[in-house]
Amino acid sequence: MMQTVHVALGERAYDVHIGAGLIAQAGAQVAPLLRRPKLWIVTETNVAALHLDALQDGLRQAGLMSEALILPAGEGTKSWPYLIQVVEWLLAEKVERRDVVIAFGGGVIGDLVGFACAILRRGVRFVQLPTSLLAQVDSSVGGKTGINTAHGKNLVGAFHQPSLVLADIDVLGTLAPRDFLAGYGEVVKYGLLGDAGFFDWLEQNGPALAGGDAGLRAEAVRHSVQMKADIVVRDETEQGDRALLNLGHTFGHALEAATGYSDRLLHGEGVAIGCALAFALSARLGLCAQEEPSRVRAHLSKMKMKLDLSDIAGDLPDTDGLLALMGQDKKVVDGQLRFILARGIGQAFVAADVPRDVVRDVLHDALGVRS
Ligand code: GLY
């Protein structure tokens with residue numbers, strides 16, 4: 001059964017369909033958007049090996065031709081050289097403004113292809129077919145697109161909403177457990193930032209969901225996407241509330257930068273550790289009771305997720321090194337660190353005036369666990 005979340009953004013409105021078998025049915029879903037029966041798919045090697053035939057066969061059965069560009073898998077693809085490659089390929093293919101491009105992959109492909117479509121001919125439509133849990137619950141919805149540079153993550157990009165998102169729950173069954181759990185970090189984030197009832201639900205159902213229960217997976221994706229859609233509709237370009245979606249990201253991005261955006265730490269793992277640190281910071285600032293960070297940690301630990309800095313292989317910078325990496329975060333305003341803090345589970349808010357020495361204390365303690 002397919003469920004739909006509508007992202008009500010006026011002339012940029014679109015649907016997110018969530019359900020089993022949506023890759024094979026993509027033709028029927030995408031066809032109403034098309035002016036000519038042809039699509040351009042950008043994907044990566046791992047996704048192509050597993051799912052590209054199913055997608056192209058399904059499109060063919062719906063009478064649609066498709067061409068595919070297969071890029072290397074991994075975060076390194078979300079960069080200037082591959083942006084150029086995608087744009088030049090789409091131009092060589094003579095993709096027109098009225099055409100539709102499919103971003104078929106996880107967050108790296110979605111962000112890269114979305115950005116390529118934002119700048120190609122000043123805006124070409126695209127459809128997101130997210131194949132990771134992280135992309136299904138977060139990056140494929142809301143129109144944030146972009147690439148990383150040597151200066152940090154997502155520092156170059158554009159808001160460009162997709163025309164449709166198809167989240168096929170079946171593909172989650174092909175993810176490595178580590179990748180699934182990294183995406184689950186973003187699911188937990190939704191409960192922590194704005195829905196204590198959802199966090200309760202995850203405490204009850206998280207292990208069965210990770211174990212493969214398709215109904216629970218679909219419900220977790222639907223609920224997360226609905227929460228994201230509600231926030232994006234209120235604040236599409238992140239002038240206010242949308243920043244709540246960055247709970248755990250200020251710490252997480254610094255850790256990702258410190259580990260060179262490598263396999264040492266996946267984005268969702270950084271978010272999960274970052275959420276634990278954001279709650280530790282909130283408790284240290286007296287905003288919430290100590291039980292709240294303990295409950296966050298207990299759930300991440302029960303799910304066998306990375307939780308402490310000592311769970312990250314290899315060396316990390318010292319406290320000041322990590323603080324310096326936070327300085328590049330897009331949430332820095334007038335040199336001040338802005339954090340998403342919480343008055344409790346489900347009660348996050350944007351704090352503009354977090355004292356640097358308290359952040360330093362939290363990092364110092366977190367790094368101390370390593371010795
Ligand atoms: N991933 C955060 C946002 O979409 O705003």
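Residues numbered from 1 in each chain as written. Predicted model: local features only at pLDDT ≥ 70, side-chain atom pairs only at ≥ 80, totals over all residues. Heavy atoms only, no water.

Draft legend 1. View of unusual backbone geometry. Look at K94: it is not a glycine, yet its phi comes out positive at around 60°. Within the element layout of this structure, K94 appears in the loop between α3 (80-92) and β5 (100-105). Using a relative accessible area of 59% as the deciding quantity, one classes K94 as exposed. Its identity is not glycine, yet N154 carries a phi of approximately 55°, on the positive side. For N154, the position within the fold is in strand β8 (residues 152-159). (Helix = DSSP H or I, 4+ residues; strand = E, 2+ residues; numbered from the N terminus. Buried < 20%, exposed > 50% of the residue type's maximum accessible area, 1.4 Å probe, protein only.)

Draft legend 2. Here's a closer look at the site of the ligand. Near the ligand you find D138, K144, K228, E238, R242, L245 and N246, and these make up its full shell. Between D138 and the ligand, the recorded distance is 3.0 Å, taken from a side-chain N or O atom to a nitrogen atom. Here R242 contributes a side-chain N or O atom positioned 2.7 Å from an oxygen atom of the ligand. For the ligand, whose unbound accessible area comes to 200 Å², protein coverage reaches 90%. The residue makeup of the shell around the ligand, split by class, is 1 nonpolar, 1 polar and 5 charged. (Near = heavy atom within 4 Å. Polar contact = N/O pair within 3.5 Å; in protein donor to acceptor, adjacent residues only side chain to side chain. Areas by Shrake-Rupley, 256 points an atom, 1.4 Å probe, with all protein chains shown as cover. Nonpolar A, V, L, I, M, F, W, Y, C, P; charged D, E, K, R; others polar.)

Draft legend 3. Representation of the environment of G191 within the structure. Summarising the element assignment, G191 is placed in helix α6 (residues 177-194). G191 gets classed as buried once you look at its relative accessible area, which sits at 0%. Considered as a pair, G191 and K304 are 113 residues apart in the sequence and their alpha carbons are 18 Å apart. Look past the residues within four positions of G191 in its chain and what remains in contact with it is A196, F198, F199, I345 and G346. (Contact = heavy atoms within 4.5 Å.)

Draft legend 4. Representation of helix α2 (residues 45-61). For α2, spanning 17 residues, the distance from its first C-alpha to its last is 24 Å, which sits close to the expected 24 Å at 1.5 Å a residue. In the structure, α2 departs most strongly from a straight axis at H51, where the bend amounts to approximately 60°. For α2, the set of buried residues is V47, A48, H51, L52, L55, Q56, G58 and L59. Contact partners of the buried residues in α2: α1 (26-30), β3 (38-44), β4 (65-71), β5 and β6 (125-130). The N-cap residue of α2 is E44: its side-chain oxygen and the backbone nitrogen of N46 are 2.7 Å apart. A positive phi of about 80° marks G63, the residue just after α2. (Expected span 1.5 Å × (residues − 1). Bend = angle between axes of the 7 residues up to and from the residue.)

Draft legend 5. Quick look at the pairing of strand β11 (residues 348-351). Pairing of strand β10 (residues 339-342) with β11, which is carried by 4 bridges, proceeds in the antiparallel orientation. Paired with F339 across the strands is A351, a residue of β11. The turn linking β10 back onto β11 is made up of 5 residues, and G346 within it adopts a positive phi angle of 85°. (Pairing = 2+ DSSP bridges.)

Draft legend 6. Region of interest: the packing of aromatic side chains. Enumeration over the complete set of coordinates arrives at 2 aromatic pairs. Consider the rings of F198 and W201, whose centres lie 5.8 Å apart with planes at 15°: the pair is stacked. Of this pair, F198 and W201 are both found in helix α7 (residues 196-211), 3 residues apart, which corresponds to roughly one turn of the helix. On the accessibility criterion, F198 (4% relative accessible area) is buried. The ring of Y190 carries K189 above its face, with NZ or CZ at 5.0 Å from the centroid. The ring centre of F349 lies 3.9 Å from the NZ or CZ of R343, which sits over that ring. (Phe/Tyr/Trp six-rings, centres within 6.5 Å; stacked < 30°, edge-to-face > 60°. Lys NZ or Arg CZ within 6 Å of the ring centre and 35° of its normal.)

Draft legend 7. Structural detail: helix α11 (residues 291-302). Its 12 residues place the ends of α11 16 Å apart at the C-alpha level, agreeing with the 16 Å of an ideal helix rising 1.5 Å per residue. Along α11, the residues classified as buried are E292, P293, V296, H299 and L300. Angularly, the buried residues of α11 cover 125° about the axis, an arc narrow enough to put them on a single face. Turned more than 90 degrees off the buried face of α11, the exposed positions are E291 and K302. Immediately downstream of α11, the backbone of K304 shows phi near 60°, a positive value. (Arc of directions from axis to C-beta.)

Draft legend 8. Geometry of the sheet that holds strand β9 (residues 164-168). What the 7 strands build is an open sheet, ordered β1-β2-β9-β6-β5-β3-β4; its pairing is mixed. This sheet does not close on itself; its edge strands, each paired only once, are β1 (3-7) and β4. Taking each pair of neighbouring strands and ignoring which way they run, the sheet shows an average axis angle of 20°. Where β3 lies against β5, 4 bridges are found, and the strand directions are parallel. From the neighbouring strand, V42 faces β5, where its bridge partner is A103. This element, α2, spans β3, β4, β5 and β6 of the sheet and lies at about 165° to β3. Sheet strands in contact with helix α8 (residues 214-234) are β1 and β2 (14-19), and its direction is about 10° off that of β1. (Axes fitted to C-alpha atoms, helices over the stretch in contact; angles between N-to-C directions.)

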